[in-house]
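Residue strings, one per chain:
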Amino acid sequence: MENQTTTPKQIMLNYGLMLGLTSILINVVIFAIGKTYDPHWSVGVLGFIVMIVLLVLGIKKVKEINGGYLSLGEALKTGLGIALISALISVIYTLIFTNYIEPEYFTRMAEVQQQKMLETYPNFTDEQLEASMAMAQKMSGPFVTSAMTIIGSLFFGFIIALIGGLIMKKSNEEIDSI
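These remarks concern the structure in this document.

Cut-off values and rules
- Residues numbered from 1 in each chain as written.
- Predicted model: local features only at pLDDT ≥ 70, side-chain atom pairs only at ≥ 80, totals over all residues.
- Heavy atoms only, no water.
- Phe/Tyr/Trp six-rings, centres within 6.5 Å; stacked < 30°, edge-to-face > 60°.
- Buried < 20%, exposed > 50% of the residue type's maximum accessible area, 1.4 Å probe, protein only.
- Salt bridge = Lys/Arg side-chain N within 4 Å of Asp/Glu carboxyl O.
- Helix = DSSP H or I, 4+ residues; strand = E, 2+ residues; numbered from the N terminus.
- Expected span 1.5 Å × (residues − 1).
- Contact = heavy atoms within 4.5 Å.
- Axes fitted to C-alpha atoms, helices over the stretch in contact; angles between N-to-C directions.
- Left-handed = near helix turned anticlockwise from the far one by under 90°.
- Nonpolar A, V, L, I, M, F, W, Y, C, P; charged D, E, K, R; others polar.

## Let's talk about the packing of aromatic side chains
The full count for this structure, using the stated rule, is eight aromatic pairs. Here the aromatic rings of Tyr 105 and Phe 106 are separated by 5.1 Å at their centres, their planes lie at 80°, and the arrangement is edge-to-face. Here Tyr 105 and Phe 106 have matching classes, each one buried. Considering the side-chain rings of Phe 155 and Phe 156, the 5.2 Å spacing of their centres and the 75° angle between planes classify their relative orientation as edge-to-face. Judged by its relative accessible area of 49%, Phe 155 is partly exposed. An aromatic cluster of three or more residues is present, and its members are Phe 31, Tyr 37, Tyr 93, Phe 97, Tyr 105 and Phe 106.

This is the structure in structure tokens:
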């Protein structure tokens with residue numbers, strides 16, 4: 001009976017909310033343990049695994065409500081919808097975080113980046129360091145970060161949905177030929 005009232009849009013919204021809230025939870029934990037500016041590489045891996053799982057589960061749910069049928073287009077639409085909703089939630093969180101919780105975030109992040117550059121490239125001249133930091137500063141800030149979050153989420157959402165859709169797709173012709 002639940003399948004009759006569930007729509008693909010509701011699935012995108014539900015799984016997008018789950019993914020967005022999970023990414024916020026991960027960021028809150030990282031902030032709470034004091035690793036906001038230098039998180040362990042496993043944090044990125046965990047976030048990516050969560051994204052894969054929730055996108056695949058969302059696509060699978062759409063297939064279920066369609067009676068076992070799934071086109072590649074439906075899979076892509078679902079995956080991109082989930083990715084976009086979660087990205088928008090992440091952007092809202094980032095704007096709140098960088099404006100109210102940690103207003104010095106971009107300044108401190110620039111300091112961390114400068115320190116890492118000096119450690120990685122000890123022979124950098126002052127001019128090279130200045131040029132690198134100027135470029136890094138242009139690529140930071142709330143609007144660029146928001147745009148990169150949305151673009152990155154849609155890119156990886158597309159790749160995951162494409163692979164998941166190719167694996168899970170099933171059309172009427174495939175069922176009839178069995």
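## What to know about the pattern of salt bridges
Tallied over the full model, the rule gives two salt bridges. Residue Lys 116 is joined to Asp 38 by a salt bridge in which the shortest nitrogen-to-oxygen separation is 2.9 Å. Taken together, the residues Lys 116 in helix H5 (residues 105-120) and Asp 38 in the loop between helix H2 (8-32) and helix H3 (41-65) connect sequence positions 78 residues apart. Overall, Asp 38 belongs to the partly exposed group, its relative accessible area being 40%. Taking the shortest distance from any N to any O, the salt bridge between Arg 108 and Glu 102 comes out at 2.4 Å. Arg 108 sits in the partly exposed class, given a relative accessible area of 39%.

## Quick notes on H3
The terminal C-alpha atoms of H3, which comprises 25 residues, lie 37 Å apart, in line with the 36 Å expected from a rise of 1.5 Å per residue. Buried residues of H3: Val 50, Met 51, Leu 54, Leu 55, Gly 58, Ile 59, Lys 61, Val 62, Lys 63 and Ile 65, and no others.

## So, the side chain of Thr 36
Along the chain, Thr 36 turns up in the loop between H2 and H3. Given a relative accessible area of 15%, Thr 36 falls into the buried group. Among residues more than four places away in sequence, those in contact with Thr 36 are Ile 30, Phe 31, Phe 97 and Tyr 105.

## Here we look at the packing of H5 against helix H6 (residues 126-138)
Geometrically, a packed helix pair is captured by the angle between its two axes and the distance between the axes. Following both chains from N to C, one finds H5 and H6 inclined at 145°, their axes separated by 11 Å at the closest point. Two packed elements cross with a definite hand, and for H5 against H6 that hand is right-handed. For the pair H5 and H6, contact is made by Ala 110, Gln 113, Gln 114, Met 117 and Leu 118 and by Leu 129, Ser 132, Met 133 and Ala 136, respectively. A per-class count over the contact of H5 with H6 returns six nonpolar, three polar and no charged.

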